[in-house]
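Structure assessment
So you can see what is in the structure, the chains are spelled out below.
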Amino acid sequence: MKRLRRNPDESDPETNPDPDGEGSFSKDQHERKCGLSSMKMMGFFVVALMVVSVVFSVSIVLQDPPSDGVLESGKNVRFLDVMESSKEEQVLEVQPQKVVGPVDDDAPSVEVRKDKLLGGLLAAGFDETSCVSRYQSVLYRKESQHKPSPYLISRLRSYEALHKRCGPYTESYNKTLEKLKTRHHLESTDCNYLVWISFSGLGNRILTLASAFLYALLTNRVLLVDPGTDMVDHFCEPFPEVSWFLPLDFPLKNQFGSFDQKSPHCYGRMLKNSSFANSSKSILAPFVYLHLVHDYDDQDKLFFCDEDQTSLREVPWLIMKTDNYFVPSLFLIPTFEQELSNLFPRKEAVFHLLGRYIFHPTNPVWGLITRYYQAYLAKADERIGIQIRVFDTGTGPFQHVLDQIIACTLKENLLPDISMEKPIINQSQKSKAVLVTSLSGGYFERLRDMYWEHPTVTGEVIGFYQPSHEEYQQTEKQFHNRKAWAEMYLLSLTDVLITSSWSTFGYVAQSLGGLKPWILYKPENQTAPDPPCGRVMSMEPCFHAPPFYDCKAKRGIDTGAVVPHVRHCEDMSWGLKLVDNGSELKA
């Protein structure tokens, strides 16, 4: 075949450097070809990268949404490495965004890593839509400085297994229930129970239920909760798979309202009337009623003695009625001393940790909380809570109470003073949202008007908000208690908190929030005290009616001076509360 000439003079070495045809192309042609090949290869490489990038992006978009219900809302959600304290725990870094859930479509902006299981305190695996607050509440709180001990986490998982094995309608439950129906002591069973009777106001119920759970944990009992009129409405189930609510067909349920110190099975009365009053032998009875209400007598208070705990150990059913946070006295029982030390290296975090483990608002209550937070509190630079409880009779607001609140906030630099003389040019862009909770609306109105009518000397913008003012306490009204629970929770989400003396409402808020509030001292003779308030030693609630008895010496004693971590309360001189001492107290 005749070869075609590629240039005018194929034999000219200047125009054809390969006259013999050993190379198929000239050098220039070769270089051009190599260049084209390199460009083609580069093009193929770029295209391949683009394809891989598209495939990867599609795979990310189409993958399952994160298990804690955090969805993208106009801004990016960037997944970080998974930090596992359990197999299903997820840790996310979320850029400012909205959190979507079945109850509310808004959640606060967060820019930090959030651990939805609270360091292992909560168990994974719940149906998240049935109780949105369980895993979503972490998005509304600052990270707690009080971490659960590994031992507490282990004991909680063990308790959950016990509750699953022994809870309502299980084989063990049905077997132990026969002891109540036959009304005599049968052979020992695998499961013993503590039944908590729903009693008193909502704040008291929350504190006493936490106390009862800790006692159940210490004595290896299964806690069953009397639903009362509204407990199911307010609180999610805290334990996996098996309910903590006492079945409606429980044989003694109809007697709960009549149980008191005169009841035949009341522990104090049994001690007075029986031969085992000073014996360490077990009580051979199918159930014992524990009367730990504020009016309990010296025999009832022997519940807090080691010897009596030994007597109660084998009783299959303990029925408890109380309106006291009795945890501090559990720390004075030698049998429980080491176990409590292992569970709670930081003593002031007992209710903080147990409360966050047990008390999760139901979806209707969570809706009240999140809607209010988003509407009034979320955008403020600082959130301040003021919880006002007045024990004076008569119609408020009372001027001495208002004077005390203002004096406290100004003295402690919690709120700026106002200028009465001339307008202040706004020099600060900082805003503070003040959440006021009170049965009366008068205090909120006076404070709001004060900061509306006059500028602050700092130029800060102060907004006041009050969710409700029910005028008087309505303990048995469901929606009243629903709003009360929402307001306690909202107070626990603030950065700074002011509470009232003797108020269990304030105790719940401070402990759930991990806050050491300024407490308003109780006024006397309708006069604002001086000083108006003081910072508490710890965030723990106060035990209002503790025993003052030395079980070994069998004589009266100051139980606030026995151990360094149980002291008298700031707001009630005879009450007891847990504190951290020494170097821990300074932390």
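Counting from 1, residues in each chain are numbered in the order their sequence is written. Only residues with pLDDT of at least 70 get local features here, since the model is predicted, and only at 80 or more are side-chain atom pairs given and counted; chain-wide, interface and lining totals rely on the full set of residues. Hydrogens are left out, water is left out, and the side-chain values use all remaining heavy atoms of the structure.

Quick look at the overall build of the chain now. We count a stretch as a helix when DSSP gives it H or I for four or more residues in a row; a strand needs E for two or more, and each element gets its number in order from the N terminus. In terms of helices and strands, the chain carries 17 helices and 17 strands. Each of the 587 residues in the chain was classed as buried or not, and the buried ones make up 51%. A contact between two residues is defined here by any heavy atoms of the two lying within 4.5 Å. The long-range share in the chain, meaning contacts at least 24 apart out of those at least 6 apart in sequence, stands at 72%. Here, Shrake-Rupley sampling with a 1.4 Å probe gives the accessible areas, and only protein chains in the shown set may cover a residue. Carbon and sulfur atoms provide 53% of the accessible area of the chain, an area that totals close to 28,400 Å². For every residue, the accessible area obtained with a 1.4 Å probe (protein chains only) is divided by the maximum for its type, and the residue is called buried under 20%, exposed over 50%, and partly exposed between those limits.

All right, on to the packing of helix α15 (residues 478–492) against helix α16 (residues 504–513) then. Put simply, α15 and α16 touch, their axes get as near as 7 Å, and they point 45 degrees apart. Comparing their axes, α16 and α15 come out oblique. The element α15 and its partner α16 pack so that their crossing is right-handed. Contact residues: A484, W485, E487, M488, Y489, L491 and S492 in α15; F505, V508, A509, L512 and G513 in α16. Basically, the charged four are Asp, Glu, Lys and Arg, the nonpolar ten are Ala, Val, Leu, Ile, Met, Phe, Trp, Tyr, Cys and Pro, and anything else, Gly included, counts as polar. Along the lines of polarity and charge, the residues of the contact of α15 with α16 split into nine nonpolar, two polar and one charged. Only C-alpha atoms enter the line fits that serve as axes; for helices the fit covers just the stretch in contact. Angles between N-to-C directions range over 0 to 180 degrees. Small angles under 35 degrees read as roughly parallel and large ones over 145 as roughly antiparallel, with 65 to 115 read as roughly perpendicular and the rest as oblique. Crossing handedness: left-handed means the near helix sits turned counterclockwise from the far one by under a right angle, and right-handed means the same turn made clockwise.

This paragraph deals with the state of the cysteines. Whenever a pair of cysteine sulfur atoms sits within 2.5 Å, that pair is classed as a disulfide. Applying the stated rule across the entire model yields five disulfides. Covalent S-S linkage joins C305 and C551, the inter-sulfur distance amounting to 1.9 Å. Judged by the sign of its S-S torsion, about -80 degrees, the bond between C305 and C551 is left-handed. Remark: C551 occurs in the loop between β14 (549–550) and β15 (555–556) and C305 occurs in the loop between β6 (287–292) and α8 (306–312); sequence separation between them is 246 residues.

This part takes up the pairing of strand β10 (residues 461–465). For strand β9 (residues 431–437) and β10, the ladder comprises five bridges, and the chain directions are parallel. The residue of β10 that forms the bridge with K432 is I462. Whether two strands pair depends on DSSP finding at least two bridges between them.

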